[in-house]
Amino acid sequence: MSNLDAFSAEIVRLVREMPDEAILELVKNQLSGVEAAPSLPRRAAAAPAAPARSAPARKARAPKRRAKRGGARRTSEGREQALSAVEAVIKSSKGLSASQIASKAKMPQTRVSSLVRELKAAGRVHQGGDRRFARYAGDAKTAEKASEEARKSASGPVRKKKGRR
């Protein structure tokens, strides 16, 4: 077992540090249906044997825990409400960008983007322009007009004036 790659060695180290009950539970779950021997002899339950290590001992890291998601689980009714809210914001305007829609609908921009994509696929809203000049409106003509206006009024890169030497 001395020819283990780093990943395999880490797995072996983690299993050696696991309590006996956790190892037994893991094996039972993997067997799923095969009964384990009724009484396995427990060796050194009070003091587990120290694993042989060739590298210097590292501090055990606490496992990373996933952050809890805020809010309740999304339902199809909630999604429909969000779709209709975003659609109402878009149709009540003369062309908005995704960030403007997000601020008016009071939703995260990532969620608004997926909702707008769904609305576009259903033909309920239209997109004019693309990338930073993408604007969304109730009809294609208004969306294109808003995109053109955004392109005209956008600030470009600041260029240095060529001076005389």
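Residues numbered from 1 in each chain as written. Predicted model: local features only at pLDDT ≥ 70, side-chain atom pairs only at ≥ 80, totals over all residues. Heavy atoms only, no water.

J.: Requested: an account of the side chain of Arg 135, with residues and values cited.
T.: Relative to the helices and strands, Arg 135 resides in strand S2 (residues 135-137). Comment: no salt bridge for buried Arg 135; closest opposite-charge side chain is Asp 130, at 9.6 Å. From its side chain, Arg 135 meets the backbone oxygen of Arg 132 in a polar contact 3.2 Å long. Contact partners of Arg 135, with chain neighbours within four places excluded, come to Gly 95, Leu 96, Ser 97, His 126, Gln 127, Gly 128, Ala 143, Ala 146, Ser 147 and Ala 150. (Helix = DSSP H or I, 4+ residues; strand = E, 2+ residues; numbered from the N terminus. Buried < 20%, exposed > 50% of the residue type's maximum accessible area, 1.4 Å probe, protein only. Lys, Arg positive; Asp, Glu negative; His and termini not counted. Salt bridge = Lys/Arg side-chain N within 4 Å of Asp/Glu carboxyl O. Polar contact = N/O pair within 3.5 Å; in protein donor to acceptor, adjacent residues only side chain to side chain. Contact = heavy atoms within 4.5 Å.)

J.: Could you give an account of the nonpolar core, with specific residues and numbers?
T.: Val 86, Ile 90, Ile 101, Met 107, Val 116 and Tyr 136 are the most contacted members of the largest nonpolar core, which totals 18 residues. Of all the secondary structure elements, the ones that give two or more residues to this core are helix H3 (76-91), helix H4 (98-105) and helix H5 (109-122). In terms of residue count, the dominant contributor to this core is H3 (five residues). Dropping the residues within four chain positions of it, Ile 101 is found in contact with Val 86, Val 89, Ile 90, Leu 96, Val 112, Val 116 and Tyr 136. (Core = buried A, V, L, I, M, F, W, Y, C linked by side-chain atoms within 4.5 Å.)

J.: Could you give me a rundown of the pattern of salt bridges, with the residues and numbers involved?
T.: Under the defined criterion, the tally for this structure stands at five salt bridges. We note a salt bridge from Glu 17 to Arg 13, for which the minimum N-O separation is 2.9 Å. Within this pair, Glu 17 and its partner Arg 13 are both found in helix H1 (residues 6-17), separated by four residues, close to a single helical turn. Its relative accessible area of 39% is what places Glu 17 among the partly exposed residues. For Arg 79, the salt bridge goes to Glu 118, with nearest N and O atoms at 2.6 Å. Here Glu 118 lies in helix H5 and Arg 79 lies in helix H3, a separation of 39 residues in the sequence. Note on Glu 118: relative accessible area 32%, which makes it partly exposed. Within this structure, Glu 10, Arg 13 and Glu 17 form a network of salt bridges that share partners.

J.: So, a nonpolar patch on the surface: which residues are in play, and what are the values?
T.: Residues Phe 7, Ile 11 and Val 15 make up a contiguous nonpolar surface patch of about 280 Å² in total accessible area. Here Val 15 lies in helix H1. Val 15 gets classed as partly exposed once you look at its relative accessible area, which sits at 36%. (Patch = residues over 30% accessible without salt bridge, like charges linked within 9 Å, V, L, I, M, F, W, Y side chains within 5 Å. Areas by Shrake-Rupley, 256 points an atom, 1.4 Å probe, with all protein chains shown as cover.)

J.: Talk me through unusual backbone geometry; I want residue IDs and the actual numbers.
T.: Backbone geometry at Lys 106 places phi at a positive 55 degrees, although glycine is not the residue there. Topologically, Lys 106 is positioned in the loop between H4 and H5. Here the phi dihedral of Arg 131 falls at roughly 55 degrees; this positive angle occurs in a residue that is not glycine. Relative to the elements of secondary structure, Arg 131 occurs in the loop between strand S1 (126-128) and S2.

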